[in-house]
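# Coordinate analysis (summary)
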Amino acid sequence: MRLILSILAIAALASVPLWLSDPYLLNALITTGIFVIGAMSLNLLLGFTGQLSLGHIAFFGIGAYVSALTSLGFDVGLPFGIRIVHEPWSPLAGFVMAVLVSALCGYLVGRLSFRVRGAYFVIVTISFAEVVRLVALNWVELTQGPLALTNIPPMSVGLPGLGEFIFRTKLHNYYLVLGVAVACYLLIARLVRSHVGRAMRGLMENETLAVSIGIDVTKTLTLAAVVSAGICGAAGSLYAHYIKIIDPEVFAFINTVTMVIMVVAGGKGSLAGPVVGGLIFGLMPVALRPVMAPEAQWIAYGAALIVILFIMPRGIVPALTQWMPRLRRVRRPSFSKRGIEESA
Amino acid sequence: MSELLQHLVNTLVLGGTYALLGIGLTLIFGIMNVVNFTHGILYTFGAYVMFIVVQKFGLNFFVALPLSVAAGWLLGALVELTLLRPLRGSDIDTTMLVMIGAWIAMQSATLWVWGGVAKSVPTPFPDAPLSIGPVSVSWLRLFVLAAAAALIVLTYVLINRTRLGSAMRATFQDHDTAALMGVNVDLIYTSTFALGSSLAAAAGALLGPVYVVYPAMGDLAAVKAFAIVILGGLGNITGAVIGGFILALAEELGAGYISSGYRDAMGFVIIIAVLIFRPTGLFPRAERVG
């Protein structure tokens, strides 16, 4: 039943460009899709390990910058007379580098900041993102600072025997984002249902108890941070090659908040949550644009976050599955059947 | 040498207002366990009230200052009553997210109502700075330092010498026991949040005329306040004062000797370093407020 639902949802999303030709809406869908990937990666930390990272946009921005710089090339001087000159590589190599570098940053940040919990963890992650933003703003030789990196080439994939395929149009990018999103969804689903995923949930429910039964806290949390940062870096890379211009504003705190709202509204700890929340909040500006000034839209955004937390603290998807007995009935038996099989 | 002296004088002026910001946040954080993301907005709000009262209503600068502190108190009480009181007992992440929502809504409202153009507040002080040897400091900044020092002392007396203050300290230690002893805990929470907010508004009202007033001015102020609180230790007022001056010193020296582009990075670097190497703050004394 859930499999059928998922396939239907993917088919519905894949069919969108067939009946929707408005480029403005398609553009909104693509950027929303990119942010949904970011929100899914945040959900892995927030929903499955319970760590609220408010610096998640740092990984997105690092992915965007790494991918752009790899495909544009750079020539930068370091202290002690060292110069690094990098010739442009293909955008696909940029994508891979973005994932790797973001994941590495996730590892380092995770190792350092998982020493603290709760409010302190939140503040460390915010600070990390802001420091990265200030470096992007001030290291002009590498990042062009506020002048932005421009002329970023579109994503391209070399197909054996078919030559180079370039994702030039909005339609191409739509399917690219959809494909990456589905792949990330499957990866996260696989991870949270694995042994490690159960360890993560255990840590979230009761850290002391989890430690007492031999779960390695740092290792588990760092793994979640690495995967999460890598996926977020992939989203950043897609963003850079789609928008084709990157400036330090990509690190703005409001972008992290957007991802957090998507996760919290959709339902943290639910795989479909960030997708549902992301589509609602990503497309909300499009729906509000004719009726509201941009500042008023942000007021509505903030107010919507508060209202959702007050009436549905667990998010839309868990609330829906609770209200719809049909869906719940379908989910429960599959769970208990496995339990019976295991005990038998 | 004279350059260093000038930096130290600037540190003193900046540190005073930073300390005000930090005390407000450390009280709220320490007593209510709320990560107050609206702190920066209250700072902005204080500066705008100052601008409106002085520029639009043409009232005296020295009348505007207490007015903006009072307005900060009222807005803080309003936020506490409408958003935090219903959430009492829910987990810290939910409260934090609600405060983020409030922050976005309030900041966008500031932008909507007053526009994005930076405003400057006229002051009654002479333009010519006071010069003592190689060091010069404007009269306005001297007044800011004096006013900040007075407010810090007032807050200290309020917390340590009054009934309300002892009720606050009791609530921080153990709110259940405090409630059993007849302390009206709800009232204490509201007054703590209002007091912290009014101090943020005061900091904004004092620094607004020194720089310019614009809607996003509170964002950095809020992060700096977090840095100060973390430096000084949770709920530690003396720690917040010292933390305010340390942050101001780090910023002045960083801007003067490293690069002015990284001035605002100092606060974040301090946060990261302290939390990683000394997570309890430089002056850990978390068991009591005061």
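Description of the structure in this document. Counting from 1, residues in each chain are numbered in the order their sequence is written. Written order determines the labels here, with chains lettered from A and ligands numbered from 1. Given that this is a predicted model, residues contribute local features only at a pLDDT of at least 70 and side-chain atom pairs are listed and counted only at 80 or more, while totals for whole chains, interfaces and linings are drawn from all residues.

## Points about the interface of chain B and chain A
- Note that contacts rest on C-beta atoms placed from the backbone: two residues are in contact if these are within 7 Å. Across the boundary between the two partners, chain B contributes 32 residues, which contact 32 residues of chain A.
- Listing elements by their share of the side of chain B that touches chain A, those giving two or more residues are α4 (92-114), α9 (217-232) and α11 (265-277) of chain B.
- Secondary structure elements follow DSSP: runs of H or I no shorter than four residues count as helices, runs of E no shorter than two count as strands, and numbering proceeds from the N terminus. For the side of chain B that touches chain A, the leading source of residues is α4 of chain B, giving 15 residues.
- Residue type decides the class: Asp, Glu, Lys and Arg count as charged, Ala, Val, Leu, Ile, Met, Phe, Trp, Tyr, Cys and Pro as nonpolar, and the leftover types, Gly among them, as polar. For the side of chain B that touches chain A, the per-class residue count stands at 25 nonpolar, five polar and two charged.

## Some remarks on the packing of helix α3 (residues 57-72) of chain A against helix α4 (residues 91-113) of chain A
All names here are of chain A.
- Direction vectors running N to C along α3 and α4 enclose 145°, while the axes themselves pass 8 Å from each other. Along this stretch, α3 crosses α4, giving a crossing that reads as right-handed. Contacts between α3 and α4 involve Phe-59, Ile-62, Gly-63, Val-66, Ser-67, Ala-68, Thr-70 and Ser-71 from the first element and Pro-91, Ala-93, Gly-94, Phe-95, Met-97, Ala-98, Val-101, Ser-102, Cys-105 and Gly-106 from the second. Angles run from 0 to 180 degrees between N-to-C directions of axes, and those axes are lines fitted to C-alpha atoms, restricted for helices to the stretch in contact. A crossing counts as left-handed when the near helix is turned anticlockwise from the far one by less than a right angle, and as right-handed when that turn is clockwise.

## Thoughts on helix α2 (residues 39-56) of chain B
Residues and elements named next belong to chain B.
- Spanning 18 residues, α2 covers 25 Å between terminal C-alpha atoms, matching the ideal 26 Å at 1.5 Å per step.
- Burial of α2 is extensive: 15 of the 18 residues sit out of reach of the surface.
- A positive phi of about 65° marks Gly-58, the residue just after α2. For a helix, the expected span equals 1.5 Å multiplied by the residue count minus one. Exposed residues have 12 or fewer other C-beta atoms within 10 Å of their own C-beta, buried residues have 20 or more, and residues in between are partly exposed; the C-beta atoms are placed from the backbone.

## Some points on the packing of helix α1 (residues 2-32) of chain B against helix α10 (residues 237-257) of chain B
Residues and elements named next belong to chain B.
- Axis separation between α1 and α10 bottoms out at 6 Å; the angle between their running directions is 140°. By the angle class used here, α1 and α10 are oblique. Considering only the axes of α1 and α10, their crossing is right-handed. Here Glu-3, His-7, Asn-10, Thr-11, Leu-14, Gly-15, Tyr-18, Ala-19, Gly-22, Ile-23 and Thr-26 of α1 come into contact with α10, specifically with Ile-237, Ala-240, Val-241, Gly-243, Gly-244, Phe-245, Leu-247, Ala-248, Leu-249, Glu-252, Leu-253 and Gly-256.
- The residue inventory of the contact of α1 with α10, partitioned by class, reads 12 nonpolar, nine polar and two charged. Working rule for angles: under 35 degrees goes down as roughly parallel, over 145 as roughly antiparallel, 65 to 115 as roughly perpendicular, anything else as oblique.

## Description of unusual backbone geometry
- Here the phi dihedral of Lys-244 of chain A falls at roughly 70°; this positive angle occurs in a residue that is not glycine.
- Note that Lys-244 of chain A resides in the loop between α10 (217-243) and α11 (253-266).
- Positive phi outside glycine occurs at Asn-33 of chain B, with the angle close to 55°.

Read these as spatial facts, not as claims about activity.
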